[in-house]
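The lines below spell out each chain.
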Amino acid sequence: MTEQAIIITGAGSGIGRATAQQFLASGWRVGLVGRRAAALEETATGHANALVLPADVTDPGQVDAAFATAASTWGRIDALFNNAGASLPSTLIDEIKVEDWLHLSNVNITGMFICARAAFRQMRRQDPMGGRIINNGSISASVPRPGSVPYTMSKHAVTGLTRTLSLDGRAFNIACGQIDIGNALTDMAVAMTKGVPQANGTIAVEPVMDVQHVANSVLHMANLPLSANVQFMTVMATAMPYIGRG
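Summarised in this report is the structure supplied together with it. (Residues numbered from 1 in each chain as written. Predicted model: local features only at pLDDT ≥ 70, side-chain atom pairs only at ≥ 80, totals over all residues. Heavy atoms only, no water.)

**Considerations on the pattern of salt bridges**
Counting across every chain of the model gives five salt bridges. When the shortest N-O distance is used, the salt bridge between Arg145 and Glu206 registers 2.8 Å. Placement of Arg145 in the loop between strand 5 (131-136) and helix 5 (149-168) and of Glu206 in the loop between strand 9 (203-204) and strand 10 (209-210) is noted, with a sequence separation of 61 residues between them. What makes Arg145 buried here is its relative accessible area of 19%. With relative accessibility at 4%, the residue Glu206 sits in the buried group. (Salt bridge = Lys/Arg side-chain N within 4 Å of Asp/Glu carboxyl O. Helix = DSSP H or I, 4+ residues; strand = E, 2+ residues; numbered from the N terminus. Buried < 20%, exposed > 50% of the residue type's maximum accessible area, 1.4 Å probe, protein only.)

Structure below.
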């Protein structure tokens, strides 16, 4: 069992919920961040080590307040799973509304930045100094799906954040890694089981995997000593088109 503490964003559903519940089951203290307090309470299921922290990751004031509450409650923050994200339907760039691009970017890029900023600030100043930031990337951080300009651009930005924090964090014992996830079966991935656009212009059903594999992988990354780091991990449904697409 552990006395370590982690904040997980997007904890009200999907990958965030599964990961939060895995960390709680493993003895971690878990701060649950998301816009919907009721959904966060469902994730917490009344667990004594769960701290519900309703906040919009795109709002710096709300994020800073959530991290301050967690730090004052636990005395420190050992890890952040920077997970909250948004997506758009497959659409060609000239048919994408600018306001949709701005919304996705605000969540996937600005929100990631704001949460990493709050975590880095706390980890740099706590005693003992240090901690770990795990960013949720995507296999789209390497190769695109058809019609995915906003999402793919945002995930390439996440990789830039990961690489830079990995460098800047060294002086403060802050490790940063990225998990790139492919076709974990959550509400967002149900479309994969019905058919999604392929690079050759067809629509095809894609294999999916249990989201628990993602939760287990994030826990593995977080449990490493700060002297070791999983810089990039890809966990995916084995037979999905990733290796052959692009």
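**Let's talk about the environment of Leu219**
Mapped onto the fold, Leu219 is located in helix 6 (residues 212-223). You can call Leu219 buried: its relative accessible area is 10%. Among all residues touching Leu219, those that are not within four sequence positions of it are Gln22, Phe23, Ser26 and Trp28. (Contact = heavy atoms within 4.5 Å.)

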